[in-house]
Amino acid sequence: MISVLTIVRNRAGHLAQLVEGLRRSIEPPGELIVVDMASEPPIEQLDTDFPCHVKRLATEHLPLAEARNLAARHASFENLLFLDVDCIPTASLIGTMDQALKQADALICAEILYLGPEDARGSWDEKDLAARGKPHAVRNFPEKGLRAEENPGLFWSLAFGIRRKRFDALGGFDQAYLGYGGEDTDFGFRATAAGLPLLFMGGPGAFHQYHPSPDPPLQHFGDIVRNAQLFRARWGFWPMAGWLHQFEEMGLIAIERMSLTVLQKPAEH
């Protein structure tokens, strides 16, 4: 059995589609743990065909690292599947990930296909989503099975599995990363440094539901700048480089080899 863990803030529609995907699973999850990061209105107990537990966490920042760690602490099973709330799992993901974690003591990323604005609105069919979904432009997955990935910078937290004892040994996500940005890349590098292989699992494993995303995400400017500096001090290079360079081109920051200076803050953020 496997525990599915998701975190959410004001994404009730996405959460409903995630739950529907779990309902259609060939093998149901052992449980679903939902951490509600102060949604309005609060998420109540969900109507599911499997055990489901909702935990509430409210902080000033978007507490991604803390919320994922809280979900893991409440998990009942050894195998963990972290699934972002905007992902719809395929019918085979639960069983495939559970079996993969039994075979491989590793950090395992599932393949994600990206949906368009009109996909997965209301009722949906998995074959249709698979035909419409687009693969990630940089992350290359095998058609099936597992493939070792040597670049820990390609770890992503949208849909990944790990054994609970390994997650605990790593200390989970580092809560020094406050709010949004960098905490998942840091987790991937710490896992590799600890000798835990990063594997890409062919699938696909889930479909990413479309939602508008500002580029760059100025609403998270403070978090991204602070977390980038923490990451740079720890690992020796800048994460989220695309966003940082966009901030620099907008005259918001100045990037030097070892430091970053905030010149002004974005308006209304």
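An account of the accompanying structure is given in this report. (Residues numbered from 1 in each chain as written. Predicted model: local features only at pLDDT ≥ 70, side-chain atom pairs only at ≥ 80, totals over all residues. Heavy atoms only, no water.)

1. Topic: the overall build of the protein chain
When you go through the protein chain residue by residue, the secondary structure sums to eight helices and 12 strands. By the compact-globule yardstick of 18 Å for 269 residues, the protein chain fits well, its C-alpha radius of gyration being 18 Å. Burial statistics for the protein chain: of 269 residues in total, 53% are counted as buried. Of the contacts made within the protein chain by residues no fewer than 6 positions apart, 73% connect residues no fewer than 24 positions apart. On the protein chain, roughly 12,300 Å² of surface is accessible, and the fraction owed to carbon and sulfur atoms is 52%. Within the protein chain, one finds 26 positive and 35 negative side-chain charges whose respective centroids are separated by 4 Å. (Helix = DSSP H or I, 4+ residues; strand = E, 2+ residues; numbered from the N terminus. Rg over C-alpha atoms; globule rule 2.2 N^0.38 Å. Buried < 20%, exposed > 50% of the residue type's maximum accessible area, 1.4 Å probe, protein only. Contact = heavy atoms within 4.5 Å. Areas by Shrake-Rupley, 256 points an atom, 1.4 Å probe, with all protein chains shown as cover. Lys, Arg positive; Asp, Glu negative; His and termini not counted. Charge placed at Lys NZ, Arg CZ, Asp CG, Glu CD.)

2. Some remarks on the state of the cysteines
Under the definition given, this model contains zero disulfides. Here Cys 52 stays unpaired: no disulfide links it, and the sulfur of Cys 87, its closest cysteine neighbor, is 17 Å away. Judged by its relative accessible area of 8%, Cys 52 is buried. In this model Cys 87 remains outside any disulfide bridge; the closest cysteine sulfur is found in Cys 109, 11 Å from its own. (Disulfide = S-S within 2.5 Å.)

3. Some remarks on the packing of aromatic side chains
Summed over the entire model, instances satisfying the criterion amount to 19 aromatic pairs. Relative to Phe 173, the ring of Phe 82 lies with its centre 6.3 Å away and its plane at 70°, an arrangement referred to as edge-to-face. Here the residue Phe 82 occupies a position in strand E4 (residues 79-83), and Phe 173 occupies one in the loop between helix H5 (164-169) and helix H6 (183-193), the gap between them amounting to 91 residues. No difference in accessibility class separates Phe 82 from Phe 173, as the two residues are buried. Considering the side-chain rings of Phe 231 and Phe 237, the 5.2 Å spacing of their centres and the 80° angle between planes classify their relative orientation as edge-to-face. Its relative accessible area of 0% is what places Phe 231 among the buried residues. What links up through ring pairs into an aromatic cluster is the set Phe 82, Phe 155, Phe 160, Phe 167, Phe 173 and Phe 187. Between Arg 68 and the ring centre of Phe 173, over which it is positioned, the NZ or CZ distance is 5.0 Å. (Phe/Tyr/Trp six-rings, centres within 6.5 Å; stacked < 30°, edge-to-face > 60°. Lys NZ or Arg CZ within 6 Å of the ring centre and 35° of its normal.)

4. Describing the pairing of strand E2 (residues 31-36)
Of all the six residues making up E2, six are buried; the element is thus mostly covered by neighbouring parts of the structure. Here E2 shows two buried faces, one formed by Glu 31, Ile 33 and Val 35 and the other by Leu 32, Val 34 and Asp 36. With helix H1 (residues 12-23) bridging strand E1 (residues 2-8) and its parallel neighbour E2, the resulting β-α-β unit is right-handed. Bridging between E2 and strand E3 (residues 52-56) involves five bridges; their strand directions are parallel. Each residue of the ladder has a partner; that of Val 34, found in E3, is Val 54. (Right-handed = clockwise from strand over helix to strand, strands pointing away. Pairing = 2+ DSSP bridges.)

5. Some details on the packing of H6 against helix H7 (residues 221-235)
Where H6 contacts H7, the two axes come as close as 11 Å, and the packing angle between them is 20°. Between H6 and H7, the interaxial angle falls into the category roughly parallel. Note that H6 runs across H7; the crossing there is left-handed. Residue-level contacts link Thr 185, Asp 186, Phe 189, Arg 190 and Ala 193 of H6 to Phe 231, Arg 234 and Trp 235 of H7. Taken together, the residues that form the contact of H6 with H7 break down as four nonpolar, one polar and three charged. (Axes fitted to C-alpha atoms, helices over the stretch in contact; angles between N-to-C directions. Parallel < 35°, antiparallel > 145°, perpendicular 65-115°, else oblique. Left-handed = near helix turned anticlockwise from the far one by under 90°. Nonpolar A, V, L, I, M, F, W, Y, C, P; charged D, E, K, R; others polar.)

6. Structural notes on the nonpolar core
If you look at the biggest cluster of nonpolar residues, it comprises 63 residues, and the most contacted ones within it are Leu 32, Met 97, Leu 107, Phe 160, Ile 162 and Phe 187. At six residues, helix H2 (residues 64-73) tops the list of elements feeding residues into this core. If near-sequence neighbours (up to four positions away) are discounted, Phe 187 is found in contact with Leu 107, Phe 155, Phe 160, Ile 162, Phe 167, Leu 170, Gly 172 and Phe 173. The next biggest cluster of nonpolar side chains, apart from the first, holds 12 residues, and it includes Ala 228, Trp 238, Met 240 and Ile 253. (Core = buried A, V, L, I, M, F, W, Y, C linked by side-chain atoms within 4.5 Å.)

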